[in-house]
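As a plain string of letters, each chain reads:
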Amino acid sequence: MMDENPLALLPEILLIVAAVFGLLLGSYLPRQRQWLVRFVAAAACAGTIIATVVVWFRPDLTVFGDSYVVDVSTNATRIAVAAAVLLVLCLAPGEVAGAARESEWYVLVLLAAVGTIAMAGANDLMLLAAAFLLASIPLYALAGFGKDALGTEAALKYYLLGALLGVTMLGGVTVLFGVGGATTYADLGEGIGKAPGAAVAVGVIALMAGLLFKAGAVPAHFWVPDVAEGARPVVAAFVTTVPKIGAVVAIYRLVAGPLSSGSVDTMLLIAVVAAVTMTLGNLAAFFQDNVRRLLAYSTISQVGYLLVGVAAATGSELARPSVLLYLLGYAITNVGAFAVVCALPDAVTLDDYRGLRRGHRWLALSLVVCLLGLVGTPPTVVFAGKLTVFTAGLDAGLGWLVVLAAVNTVASLYYYLRWIAPAMRDAEMDGAAVVRPRAAITACVAAAASLGLGLLTGPLLALVR
Amino acid sequence: MLSMVVFLPLAVAAVLVLLPRLSDSAVRWIWIAACAADLILVVVLWLGYAPSESGFSHEVNRRWIPSVSSGYHIGVDGMSLPLVALTSGLFLACAIYSARETRRVRAFAALFLFLETVCLGLFVSLDLILFFVFFDLSIVGMYFVIAGWGHRDAARAALKFFLYTFLGSLALLLGFIGLYLAATPHTFDIVELSRQNPLAGKGLAGALILLALGVGLAIKTPTVPFHTWLPPAHTEAPAAGSAILAGVLLKMGTYGFVRIVMPTLPDTWRRYALVFVVVGVISVIYGALVALAQRDFKRMIAYTSVNHMGYVILAVGAAGLVASSAEQARHLAITGAVTQMVSHGLITGALFLLAGALYDRGGTYEMDSYSGLAAQAPRFAGLTAIAAFASLGLPGFSGFIAEFQIFTGSLGGAPVSTAVAFLGILITAALFLRALQQMFLGEHRSPNGAFRDVTAPEAASIVPLLVLAVLIGLFPRFLLDVIEPAARAVSAVVGR
């Protein structure tokens with residue numbers, strides 16, 4: 001008996017309804033009242049969180065012909081995505097309020113969020129491909145939303161790479177369907193167990209191309225710095241944070257599920273991608289002077305650490321909770337760091353942050369907490385994520401990868417300190433005069449959440465277990 | 001009670017940050033009062049110290065991250081209690097000494113109170129994750145002290161300090177995870193790990209974990225060859241920062257050896273103890289020789305820290321070498337190591353504060369720039385001389401008690417190494433005597449003309465530290481009675 005209860009998808013449905021309703025509402029509202037759409041979007045995110053919390057302890061279920069799973073991973077993704085979108089919505093007014101297409105901006109964010117969640121919940125290659133498109137296309141539009149030269153270039157680059165790797169992914173889906181005889185993960189796992197290794201390998205690599213593009217991992221990372229620099233900061237905050245969540249969970253689902261049975265060593269594949277991603281991301285971040293490019297490369301290296309947990313999927317039972325915890329921590333901390341960037345629209349380079357602590361004590365403190373949080377300094381929540389990811393990695397026998405990740409963490413400290421040091425220096429701040437108060441408050445909230453959730457690691461980890 | 005001791009300074013720091021419009025002098029008084037209150041609490045703790053069967057007093061064990069068996073497990077025993085007392089005493093001395101600080105007093109006070117919580121927390125932690133949290137935060141706190149209030153080249157020195165010691169902390173984290181995974185059931189609890197002895201008979205895994213832990217703690221201690229972050233960090237840090245860095249933060253490394261490594265990896269420790277003995281002896285000799293070559297007073301003291309920490313490493317290494325029949329020698333070496341940690345904290349803390357007073361008057365640490373200060377500043381000269389003699393291990397001071405026990409305890413297990421390390425004392429004696437002669441005797445010369453004698457806050461912060469060093473030197477029993485049972489427990493674990 002097929003389960004087709006739409007209530008199982010209530011969190012996703014809330015977001016979609018809000019998107020459609022927001023679009024209609026936005027067309028009838030005068031420009032000064034467009035904030036109502038933002039309110040609708042925020043309410044939908046809050047609704048998503050509540051609807052997810054209510055069903056958290058229900059047993060796992062698959063709905064709509066085994067194509068969609070509602071389990072801990074999906075639920076955690078729903079909450080992480082909704083929380084990140086809420087933070088982004090708090091950042092948005094400074095950038096988009098009063099803009100010509102304000103309501104469309106919120107609608108695109110909501111649609112991309114739904115796509116991201118659907119990627120995480122997808123239990124069928126066809127649905128995964130559809131979710132990939134839903135999570136990608138709104139982002140191309142968002143990247144170019146400012147209609148300026150840099151933004152347009154970023155959007156074009158993003159779109160071209162996305163189109164190429166998206167098609168590659170569809171090719172991979174086709175190949176896997178062909179050799180495995182099914183698209184649902186359960187049947188696919190059986191199918192590719194008997195299929196020729198070379199064909200499966202081609203299919204897996206092509207499929208991963210699209211997912212790694214969404215996650216912003218090497219070798220599909222080229223769009224990240226350009227979008228982070230070219231698009232508006234608030235868009236950058238969204239694009240470098242939210243889609244990663246869905247992509248990493250989707251990769252995890254594949255690696256732990258159907259691909260674990262095949263003749264292809266996906267664990268090694270992911271481990272190598274993780275190693276290259278964190279190392280290249282860190283090396284490239286070393287001498288960036290533009291804060292947004294620096295954060296972009298930092299997000300690339302963070303995906304590398306996350307993939308360590310994914311690579312451990314079949315080798316350690318701590319792998320899934322560790323990845324989910326890290327994703328939640330990463331989402332909040334990364335949005336917090338971008339919130340500081342949004343709060344100071346005139347500060348572009350590291351040097352512009354010189355003397356930040358003198359004029360804006362709390363903003364400087366939030367920056368320090370978020371950046372040291374990204375390094376993995378206790379007691380922030382990313383530390384808890386990193387600790388558990390490393391433990392899972394060692395447990396799965398990936399000692400070399402964990403050592404590499406530790407070395408990379410030390411290296412990453414260098415470029416975060418290149419930003420922290422001038423900000424904490426006792427000097428007059430001349431780079432940036434304008435401060436957006438709402439973004440500053442959002443940064444403080446994110447920093448506090450990063451610390452608070454770190455102290456609550458115990459209960460959190462028990463929940464995602 | 002113990003949690004209150006640990007978190008009182010942090011709470012005061014939060015109040016300092018949140019309260020608007022506090023005058024600088026109000027901040028100073030709140031800072032001193034908080035440190036004094038904490039010291040009083042520690043004294044009460046010491047008076048009420050009564051170790052239970054587990055060996056710990058004031059033990060608290062709460063669930064924190066049950067999914068990975070990590071808890072908020074704290075307690076004091078004979079090894080941590082003296083260090084807790086040292087920490088709160090030294091922080092009070094620094095608070096009094098910093099009455100002169102005029103740059104961003106509020107942030108400075110808040111940072112030091114934060115550091116105090118972190119240091120106290122580390123010494124009472126009985127859980128590896130809790131230990132690591134405090135270990136890492138001590139690096140963050142000290143980075144901001146050096147970078148924010150240091151001398152000219154502070155930014156570079158602070159960066160080097162942070163990167164270097166952070167590398168050590170991640171090596172440590174890998175070792176901790178290794179211990180966790182080796183245990184069945186998996187746990188981060190130090191007491192439980194020491195009971196389980198999870199790596200008995202697992203050669204390679206034990207060696208790798210010991211390597212990770214050893215490197216992590218050796219960087220923090222620091223021992224040769226991981227000491228290169230120390231001289232610039234010390235030279236550029238403000239005086240109170242140097243005193244805390246040398247007096248408390250360096251102890252975290254050596255404390256880690258006796259608290260974590262020896263009890264949880266006893267077999268592996270015995271097998272590779274010789275490595276630590278050799279590293280310890282090289283640190284002793286190399287630290288002393290390089291200190292001898294310094295022209296800069298503060299750098300010289302910094303290198304004597306490498307020398308003094310070398311004795312501790314020698315002692316803990318030798319404790320692993322001594323055959324199981326020589327229980328007495330082993331436990332003497334460990335007692336000596338812990339006593340040395342306390343003694344070095346007091347004496348080097350005082351020396352760094354004196355170096356700060358020197359810089360305050362002359363604007364340089366170059367010993368060549370000074371001469372004949374004894375005539376103008378007799379009390380300054382006297383205090384420096386006392387601290388220097390205490391540091392080189394003259395009988396009557398705490399350093400003698402510590403080093404005597406270390407040498408007696410180590411001689412049986414590592415006779416050659418101990419004999420070589422003995423030379424270290426000779427070299428330190430030479431370098432301190434030369435420094436005293438250069439700066440205090442002869443014709444008066446000082447970069448800024450007249451040389452003011454020690455002020456009241458300086459005396460109030462430095463004299464108690466030296467008085468304590470003398471007290472321990474003359475009446476060591478009150479300290480040794482606390483340390484010895486704990487040292488015996490560790491020695492029994494290593495010997496089993």
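See above for the structure.
Along each chain, numbering runs from 1 in the same order as the chain's sequence is written. In the order they appear in the text, chains get letters beginning with A and ligands get numbers beginning with 1. Local features in this predicted model are restricted to residues whose pLDDT is 70 or higher, and side-chain atom pairs enter the listing and the counts only when it is 80 or higher, whereas totals over whole chains, interfaces and linings include all residues.

**Q** What am I meant to see in the overall build of chain B here?
**A** Note on conventions: DSSP H or I runs of at least 4 residues are helices, E runs of at least 2 residues are strands, and numbering of each starts at the N terminus. A tally of helices and strands in chain B yields 19 helices and two strands. Counting only C-alpha atoms, chain B reaches 65 × 55 × 40 Å along its principal axes. Contact between two residues is assigned when their C-beta atoms, built from the backbone, lie within 7 Å. Long-range pairs, those at least 24 residues apart, make up 81% of the contacts in chain B with a sequence separation of at least 6.

**Q** Help me understand the overall build of chain A, please; the structure alone is not making it clear to me.
**A** In terms of helices and strands, chain A carries 20 helices and two strands. Every radius of gyration here is taken over C-alpha atoms, with the globule rule written as 2.2 Å times N^0.38, N being the number of residues. Taking 465 residues into account, the globule formula puts the C-alpha radius of gyration at 23 Å, and chain A, at 21 Å, falls close to it. A principal-axis box enclosing the C-alpha atoms of chain A has dimensions of 70 × 55 × 40 Å. By residue count, 63% of the 465 residues in chain A fall in the buried class. Once local pairs closer than 6 in sequence are excluded, the contacts in chain A between residues at least 24 apart make up 81%. Residue burial is a threshold on neighbouring C-beta atoms within 10 Å of the residue's own C-beta, all placed from the backbone, with 20 or more meaning buried, 12 or fewer meaning exposed, and counts in between meaning partly exposed.

**Q** It is not clear to me how the interface of chain A and chain B should be interpreted in this structure. Could you clarify?
**A** At the interface, 26 residues of chain A touch 27 residues of chain B. Looking at the side of chain A that touches chain B, the elements that each hand over two or more residues are helix 17 (381-395), helix 18 (399-424) and helix 20 (457-464) of chain A. Tallying contributions element by element places helix 18 of chain A first for the side of chain A that touches chain B, with ten residues.

**Q** Got a minute to help me understand the environment of B:Leu431 in this structure?
**A** All names here are of chain B. Considering the arrangement of structural elements, one finds Leu431 in helix 17 (residues 415-440). With 140 residues separating them along the chain, Leu431 and Ala291 place their C-alpha atoms 7.3 Å apart. Those residues in contact with Leu431, other than ones at most four positions away along the chain, are Ala291, Leu292 and Met300.

**Q** Sorry, what's going on with the pairing of strand 2 (residues 70-76) of chain B here?
**A** If a strand is regular, its side chains alternate between the two faces of the sheet. Residues and elements named next belong to chain B. Within strand 2, six of the seven residues are buried, which leaves it mostly tucked inside the rest of the structure. Paired strands, in this sense, are two strands between which DSSP finds at least two bridges. Two elements, strand 1 (residues 57-65) and strand 2, share six bridges in a ladder whose sense is antiparallel. Residue Arg62 lies in a different strand from strand 2, and its bridge partner there is Tyr72. Between strand 1 and strand 2, which pair antiparallel in sequence order, lie four residues; one of them, Ser69, sits at a positive phi of approximately 50°.

**Q** What exactly am I supposed to notice about the packing of helix 3 (residues 72-96) of chain A against helix 4 (residues 102-121) of chain A here?
**A** Helix-helix packing is described using two parameters, namely the angle between the two axes and the distance between the axes. Residues and elements named next belong to chain A. Axes here refer to lines fitted to C-alpha atoms; in helices the fit is confined to the stretch in contact. Angles between the N-to-C directions go from 0 to 180 degrees. Where helix 3 meets helix 4, the axes come as close as 10 Å, and the angle between the chain directions of the two elements is 165°. Classified by the angle their axes make, helix 3 and helix 4 are roughly antiparallel. The two elements helix 3 and helix 4 meet at a crossing, and its hand is right-handed. Listed contacts from helix 4 to Ser73, Thr74, Thr77, Arg78, Val81, Val85, Val88 and Val96 of helix 3 are Glu102, Trp105, Val109, Ala113, Thr116, Ile117, Ala120 and Gly121. Any angle between 65 and 115 degrees counts as roughly perpendicular, while under 35 counts as roughly parallel, over 145 as roughly antiparallel, and the rest as oblique. Note on convention: near helix rotated counterclockwise from far helix by under a right angle means a left-handed crossing. Clockwise means right-handed.

**Q** How should the environment of B:Ala326 be read in this particular structure?
**A** Residues and elements named next belong to chain B. Tracing the sequence through the fold places Ala326 in the loop between helix 12 (297-321) and helix 13 (327-362). For Ala326, a count of 18 C-beta atoms within 10 Å gives the class partly exposed. Residues Ala326 and Gly412, spaced 86 residues apart in sequence, show a C-alpha to C-alpha distance of 8.1 Å.

**Q** Would you explain unusual backbone geometry in this entry?
**A** Working note: non-glycine residues mostly have negative phi, and peptide bonds are mostly trans. Residue and element names in this part refer to chain A. The residue after Val218, namely Pro219, is reached through a cis peptide bond having omega 5°. For Pro219, the position within the fold is in the loop between helix 8 (197-215) and helix 9 (223-230). Pro379 follows Pro378 through a cis peptide bond whose omega is 0°. You can see Pro379 is positioned in the loop between helix 16 (361-375) and helix 17.

**Q** Help me understand helix 8 of chain A, please; the structure alone is not making it clear to me.
**A** The periodicity of an α-helix, 3.6 residues per turn, causes residues three or four positions apart to be oriented the same way. All names here are of chain A. With 19 residues, helix 8 should reach 27 Å at 1.5 Å per residue; the first-to-last C-alpha distance of 26 Å fits that figure. Of all the bends in helix 8, the largest measures some 25° and sits at Ala209. By the burial criterion, the buried members of helix 8 are Val200, Gly203, Val204, Ala206, Leu207, Met208, Gly210, Leu211, Leu212, Phe213, Lys214 and Ala215. At its buried positions, helix 8 is contacted by helix 5 (125-143), helix 6 (149-180), helix 7 (185-194), helix 11 (242-256), helix 12 (266-285) and helix 13 (291-311). Gly216 sits one or two residues past helix 8 and shows a positive phi near 75°. For a helix, the expected span equals 1.5 Å multiplied by the residue count minus one. Two axes define the bend at a residue: one fitted to the seven residues ending there, one fitted to the seven starting there, and the bend is the angle between them.

**Q** Can you walk me through the packing of helix 13 of chain A against helix 14 (residues 319-343) of chain A in this structure?
**A** Residue and element names in this part refer to chain A. Where helix 13 contacts helix 14, the axes come no closer than 10 Å and their chain directions differ by 175°. Judged by the inter-axis angle, helix 13 sits roughly antiparallel to helix 14. Contacts between helix 13 and helix 14 involve Val291, Arg292, Leu295, Thr299, Gln302, Leu306, Gly309 and Val310 from the former and Ala319, Ser322, Val323, Tyr326, Leu327, Tyr330, Asn334, Ala337, Phe338 and Val341 from the latter. Taken together, the residues that form the contact of helix 13 with helix 14 break down as twelve nonpolar, five polar and one charged. Throughout, the ten residues Ala, Val, Leu, Ile, Met, Phe, Trp, Tyr, Cys and Pro are labelled nonpolar, Asp, Glu, Lys and Arg are labelled charged, and all others, Gly among them, are labelled polar.

**Q** Mind showing me how you'd approach helix 9 of chain A here?
**A** Residues and elements named next belong to chain A. In terms of residue burial, helix 9 counts as a mostly covered element, since eight of its eight residues are buried. Inspection of helix 9 places Trp223, Val224, Pro225, Asp226, Val227, Ala228, Glu229 and Gly230 among the buried residues, and these make up the whole buried set. Next to the buried residues of helix 9 lie helix 5, helix 6, helix 10 (233-239) and helix 13.

**Q** Just checking my understanding: could you explain the environment of B:Val140 for this structure?
**A** Note on placement: B:Val140 falls in helix 5 (residues 128-149). By the C-beta count within 10 Å, which is 19 here, B:Val140 ends up partly exposed. Along the chain, B:Val140 and B:Met4 lie 136 residues apart, while their C-alpha atoms are 22 Å from each other. Ignoring any residue separated from it by four or fewer positions in sequence, one finds B:Val140 in contact with A:Leu372 and A:Thr377.

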